[in-house]
Amino acid sequence: MIKNAATSLMVRLLHLPRAAPAPTYRRSHLSLLPPQLLRASAPAPAAAAAMSTAALTVADQKRALRSEVRRALRALSPEQLSSEDQAIQNAILNSSWFKESKSLCAYISCSQLREVDTSKILAEALSPNSEYDGHAKDLYVPRVEDKNRNMRMLKITTMDDLVKNSMNILEPSPVDASGNAREEVLSASSPVDLFLLPGQAFDRTGQRLGRGGGYYDTFLMKYQELAKEKGWDQPLLVALSYSVQIMEEGIIPVNSTDIPIDALVSSFGIIPISPAALGRI
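Visitor: Tell me about the overall build of the protein, and name the residues and values.
Guide: Secondary structure summary: the protein contains eight helices and 12 strands in total. Counting over 281 residues, the protein shows a buried share of 48%. In the protein, 73% of the contacts between residues at least 6 apart in sequence involve partners at least 24 apart. Only carbon and sulfur atoms are counted for the fraction: they give 52% of the accessible area of the protein, which is about 13500 Å².

Visitor: If you had to explain the side chain of threonine 118 to someone new, which residues and values would you point to?
Guide: Turning to its location among the elements, threonine 118 is positioned in the loop between β1 (103–106) and α6 (119–125). The class for threonine 118 is buried, based on a relative accessible area of 1%. Among the polar contacts listed, one links the side chain of threonine 118 to the backbone oxygen of tyrosine 107, at a separation of 3.0 Å. Here threonine 118 is in contact with Gln89, Tyr107, Ile108, Ser109 and Leu240, once residues within four sequence places are set aside.

Visitor: Any chance you could break down the nonpolar core for me, citing the residues and the numbers?
Guide: In this structure, Trp97, Phe98, Leu139, Met153, Phe195 and Tyr223 are the most contacted members of the largest nonpolar core, which totals 68 residues. If one sorts the elements of this core by residue count, helix α7 (residues 215–230) sits on top with seven residues. Those residues in contact with phenylalanine 195 that lie beyond four places of it in its chain are Cys105, Met153, Phe219, Leu220, Tyr223, Pro235, Leu236, Leu237 and Val238.

Visitor: Pulling in residues and values, what's your account of the pattern of salt bridges?
Guide: Under the counting rule described, the total for this entry stands at 12 salt bridges. Note that aspartate 161 is salt-bridged to arginine 182, the shortest N-O span being 3.4 Å. In this pair, aspartate 161 sits in the loop between β3 (151–156) and β4 (162–164) while arginine 182 sits in the loop between β5 (170–172) and β6 (194–197), placing the two residues 21 residues apart along the sequence. Among the residues examined, aspartate 161 registers a relative accessible area of 11% and is labelled buried.

Visitor: So what about the side chain of glutamine 245? Which residues, and what values?
Guide: When you line up the elements, glutamine 245 lands in the loop between β9 (236–240) and β10 (246–247). A polar atom in the side chain of glutamine 245 sits 3.2 Å from the backbone oxygen of glutamine 200. Dropping the residues within four chain positions of it, glutamine 245 is found in contact with Val69, Leu73, Gly199, Gln200, Ala201 and Phe202.

Visitor: Just give me the short version of the pairing of strand β11 (residues 263–266), but keep the residues and values in it.
Guide: Neither face of β11 is exposed, since Ala263 and Val265 on one face and Leu264 and Ser266 on the opposite face are all buried. Here β9 runs beside β11; their pairing, made up of three bridges, is parallel. Within β11, the position partnered with valine 238 by the bridge is alanine 263. Hairpin connection, β11 to strand β12 (residues 269–272): the antiparallel pair is bridged by two residues.

Visitor: Lay out the packing of aromatic side chains in plain terms, naming residues and giving numbers.
Guide: The geometry of two aromatic rings is summed up by the distance between their centres and the angle between their planes. What the rule picks out here adds up to two aromatic pairs. Between phenylalanine 195 and phenylalanine 219, the aromatic rings sit 6.3 Å apart at their centres with planes inclined by 55 degrees, giving tilted as the arrangement. Residue phenylalanine 195 is located in strand β6, and its partner phenylalanine 219 is located in helix α7; the two are separated by 24 residues in the primary sequence. On the basis of relative accessible area, phenylalanine 195 is assigned to the buried category, the value being 1%. A relative accessible area of 3% means that phenylalanine 219 is categorised as buried. Measuring from centroid to centroid gives 5.5 Å for phenylalanine 195 and tyrosine 223, while their planes differ by 65 degrees, and the two rings are edge-to-face. Linking phenylalanine 195 in strand β6 with tyrosine 223 in helix α7, this pair joins segments that are 28 residues apart in sequence. The pair formed by phenylalanine 195 and tyrosine 223 is uniform in burial state, with each residue classed as buried.

Basis of the calculations
Residues numbered from 1 in each chain as written. Predicted model: local features only at pLDDT ≥ 70, side-chain atom pairs only at ≥ 80, totals over all residues. Heavy atoms only, no water. Helix = DSSP H or I, 4+ residues; strand = E, 2+ residues; numbered from the N terminus. Buried < 20%, exposed > 50% of the residue type's maximum accessible area, 1.4 Å probe, protein only. Contact = heavy atoms within 4.5 Å. Areas by Shrake-Rupley, 256 points an atom, 1.4 Å probe, with all protein chains shown as cover. Polar contact = N/O pair within 3.5 Å; in protein donor to acceptor, adjacent residues only side chain to side chain. Core = buried A, V, L, I, M, F, W, Y, C linked by side-chain atoms within 4.5 Å. Salt bridge = Lys/Arg side-chain N within 4 Å of Asp/Glu carboxyl O. Pairing = 2+ DSSP bridges. Phe/Tyr/Trp six-rings, centres within 6.5 Å; stacked < 30°, edge-to-face > 60°.

Structure, rendered in structure tokens:
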């Protein structure tokens, strides 16, 4: 019964054609977004009634939506994934807000999880940038410590600093080659400018659906509190998304612990969402 009710919340996922990057979308242009970029319309009255009857919890709704998105991602061909990966990474690498950033946190993509590839972005961040100050960016990447939403962002200086964990996912080793503990971003003396975030689903109002572990929302809440205490500017929260992961407004279930994103990058271009993003992108 839950499955049927949850399914009625979302409209059939559309398989989008391969697309080249489009110009950055401003707030005034959101109504002009390609129809393919928007996912599903609002539930019909019958769907709303079914939802009420089933008394679905937010957690139930999130699980159902994750299942739908996973199926859509598995249906994408390798060629489609590669095309969108390239368009998304190029959009970020060519952006002024990435080029001008001095410090950032970014996820290490995992192809088995169908995450947007970040390999080119990480490589560029670790390379000296003569266009600005001739130095590599300070790059912090995630290390999951346990199953209780504890995640650290540790500084790396080369991709060789990464090791595979028990899930065969790359993470930074806790100590460097000299045996010294790696710097944690929560202990850094200066702020980060940017977070590049993964997820399962997103919408153009800034809602983000994660994988259900709560690691990123928990960490982002800690970092935002730290930035507030120290009087730092809040980092720009930018999510990377395949086309089939973008939903229409109202489809993604939300609770009070969900942290919204500032901007969304897909193969169609960059969509600034929050006032902070509109001022910087």
